[in-house]
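# Breakdown of the fold
The primary structure of each chain is shown beneath.
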Amino acid sequence: MSHSAKPVFSCTDVHVWIAEKEVVKGVDLAVSAGEIHAIMGPNGSGKSTLANALMGHPAYTLEGTVELSGEDVTSLSPDEKARRGMFLAFQYPVAVPGVTVASFLRAAVAAVRGTEVPVREFRKELLARMEDLEMDPAFAGRYLNDGFSGGEKKRLEILQLLMLKPRFALLDETDSGLDIDALKVVAEGINAAASQDVGMVLVTHYQRLLNYVRPHVVHVFMDGRIVRTGGPELALELEERGYDWLETPATAGGA
Amino acid sequence: MASPRKVADIGTDYAQRYGFHDPEEYFLRSPKGLSHEVVEAISRLKKEPEWMREFRHKALDIFLAKPMPTWGDTQMLSEINFDEITYFVRATEKQGETWDEVPENIKRTFDRLGIPEAERKFLSGVSAQYESEVVYHSVKEELTKQGVIFLDMDSGLREHEAFVREYFATVIPAADNKFSALNSAVWSGGSFIYVPKNIEVTIPLQAYFRINAERMGQFERTLIIADEGSKVHYIEGCTAPVYSSNSLHSAVVELIAKRGARIRYTTIQNWSNNIYNLVTKRAVAWEDAVVEWVDGNLGSKLTMKYPAIFLKGERAHGEVLSIAFAGPGQHQDAGAKAVHLAPNTTSKITSKSISKGTGRATYRGLVKVRKGATGCKTSVQCDALLIGEAARTDTYPTMEIAEDQVRVEHEARISKLGDEQLFYLRSRGLTDDQARLMIVNGFIEPFVKELPMEYAVELNRLIELEMEGSVG
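My aim in this report is to walk through the structure given alongside it, one point at a time. (Residues numbered from 1 in each chain as written. Chains lettered and ligands numbered in written order. Predicted model: local features only at pLDDT ≥ 70, side-chain atom pairs only at ≥ 80, totals over all residues.)

## What to know about the overall build of chain A
- On a plain count of helices and strands, chain A comes out with 7 helices and 12 strands.
- Computed over its C-alpha atoms, the radius of gyration of chain A comes to 18 Å, within 12% of the 18 Å expected for a compact globule of 255 residues.
- Considering only C-alpha atoms, chain A reaches an extent of 60 × 40 × 35 Å along its principal axes.
- Out of the 255 residues in chain A, the part that is buried amounts to 46%.
- Across chain A, the fraction of contacts at a sequence separation of at least 24, relative to all contacts at a separation of at least 6, is 72%. (Helix = DSSP H or I, 4+ residues; strand = E, 2+ residues; numbered from the N terminus. Rg over C-alpha atoms; globule rule 2.2 N^0.38 Å. Buried ≥ 20, exposed ≤ 12 C-beta atoms within 10 Å, placed from the backbone. Contact = placed C-beta atoms within 7 Å.)

Encoded structure:
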């Protein structure tokens, strides 16, 4: 993938507050089409907050600039961002009882594509993507995330990624809570999305997923900042050495 | 009360679609207020037999003597001014037997409610009540051949007097409560249904009615008797126009399911914000009988309604599935009662409520098991969904279990339409309104899927209207 192409996603000097507390303290990112970035960091470093705030979570206050394919989307609502091709795979997908996976996805696809897809066509596409992810067709008739296992929820997030075909996707801890088989399936989904030119940021604190998905760029995230950026080898180094060696007096303890 | 503000809450679309009303063209209406003279006039006008006339007068005395209920929303109840209500209005001189005979202005009302659709689909199964009289009522030939009686209550009394006399007020006596007494005194309209032994009525019998006169009470009376081994589904649905002063709706519905019979009674009521909807519904289920109340309550100022099933025969089964939607300023005080009087009887109560804005939903239920009614099973599930910080819900599940060998389950859940659910759906491209509607529709799905298609569509549309501009 070309690193010089115009980024599908970029953010500049992003700060995020939860109430009065500054959790993200100045982050810059630029992701090109088809490019996979990994943001790795210890628990509590603020990386999930960053992902949610970028998507527009109402509980967070964001400062800085967020752009999708060069368009400033900083102040747009989550649905407006989604309709412009942004996607967030949730760490903890939310249950909506009484709404089937199929009807939810049909509404989401119509919203994001801006047009209704005929039922038969939609159904065909849905079943094909579900097969890719080794999901039972009966899954489409279940209520959204209601009583789903951790692995089922994560598969559903990837199913949504493949159905909604965003330009840019944030994947928040999509690897957590998965057994090895599920992890492989999820990784295949991520690779399939990347091959269709989706730009992606994987937020994780394990290196595990990176055995199956090869990131182009790895960022180390600590205490609300990116403290180091490198290639895939950086992930392996983190696996071996942990995060402590990166901690510097300047970043420890916050601003 | 600040009715105009509440009316505004419904949204202009609602007013446009459902708030229309025809100029009041009535052949007869009683003066406002309640007295023995009014009761006498109603009974005489209907040319009723002596026993019914007496029944009405006695019931009025009971009504006047009984105090207001001391539970429920006593504040709102105390605001009813019984002297300001019209107790009887006759819409047309006689009831039409075919669509052609129905007066034009009444047809227009039905047109806007989608009745012609029902007409096409359920051709003769429709009984529609307009005002206090049934104006359109055609019984499918097949029903008549099967020996099924499906009449408005007034005709039922005229044509099957002995039958009506045997069962009328046997399930809900006039003295049951203040509002059943009121209904007994001034009742008009409603349905009378008899299904003979082992007859299965395959089409749902429908009554579609609405209140149209300001400050007019509507006191319909329904009696359904399902003889041994028979099966019937009755549907009532209402949409009421928007008015500014208080109106009272107080129905009495009695169901009798004999040995092995099945009755399902489906209701969708959508009253305007000024209506007091105080309804007494009760069923008796004999040996191996099944009775199901499917009850949807939208709108009204105050609804107090607790469909009951008295399980009198062994292995009888009763179910109550209900939803209540309390919008701003409204109180839905609804629930269910299951009374187990025979061994091995079972009951299931599922109650779902939505409170929006300053809306308030109360679940008030009773499960009673008599000593000796061994092997009974009962389960009660209450789910409440709150939309907005001011929304309120309360649960009063009363259990009176006098027998040890029973299985009782009770579960109550309260959830808030939360930021996390909204954020999740919005991150998938759905607008705030779409996301809220999806969550609410999901919540009521277990109810909606029990409805015939056209009612499901209607209910979803009503919920959509209720949810408009519901931010906060």
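## Quick look at the packing of helix H4 (residues 119-132) of chain A against helix H5 (residues 150-164) of chain A
Residues and elements named next belong to chain A.
- The contact between H4 and H5 brings their axes to 10 Å, and the two run at 135°. What the angle tells us is that H4 and H5 run oblique. Here the hand of the crossing between H4 and H5 comes out right-handed. Judged by residue contacts, Leu126, Arg129 and Met130 of H4 engage Leu159, Leu162 and Met163 from H5.
- In the contact of H4 with H5, the residues fall into 5 nonpolar, no polar and 1 charged. (Axes fitted to C-alpha atoms, helices over the stretch in contact; angles between N-to-C directions. Parallel < 35°, antiparallel > 145°, perpendicular 65-115°, else oblique. Left-handed = near helix turned anticlockwise from the far one by under 90°. Nonpolar A, V, L, I, M, F, W, Y, C, P; charged D, E, K, R; others polar.)

## Quick look at the interface of chain B and chain A
- Listed as interface residues are 18 residues of chain B and, on the opposing side, 23 residues of chain A.
- Only helix H12 (419-426) and helix H13 (432-448) of chain B provide two or more residues apiece to the side of chain B that touches chain A.
- Ranked by residues supplied to the side of chain B that touches chain A, first place goes to H13 of chain B with 7 residues.
- Its residues assigned to classes, the side of chain B that touches chain A comprises 7 nonpolar, 6 polar and 5 charged.

## Quick word on the pairing of strand S1 (residues 9-18) of chain A
Residues and elements named next belong to chain A.
- Looking at chain direction, S1 and strand S2 (residues 21-31) are connected through 8 bridges and run antiparallel. Directly across from serine 10, in S2, lies its bridge partner alanine 30.
- The hairpin turn running from S1 into S2, its antiparallel successor, is 2 residues long, and alanine 19 in that turn takes a positive phi close to 55°. (Pairing = 2+ DSSP bridges.)

## Considerations on the pairing of strand S11 (residues 252-257) of chain B
Residues and elements named next belong to chain B.
- Summarising burial for S11: 6 of the 6 residues are buried, a large majority.
- Both faces of S11 are covered, namely the face carrying Val252, Glu254 and Ile256 and the face carrying Val253, Leu255 and Ala257.
- One ladder, built from 6 bridges, connects strand S8 (residues 221-226) with S11; its direction is parallel. Within S11, the position partnered with arginine 221 by the bridge is valine 252.
- Relative to strand S13 (residues 275-285), S11 runs parallel, the two sharing 6 bridges. Looking across to S13, one finds that leucine 255 is bridged to alanine 283.

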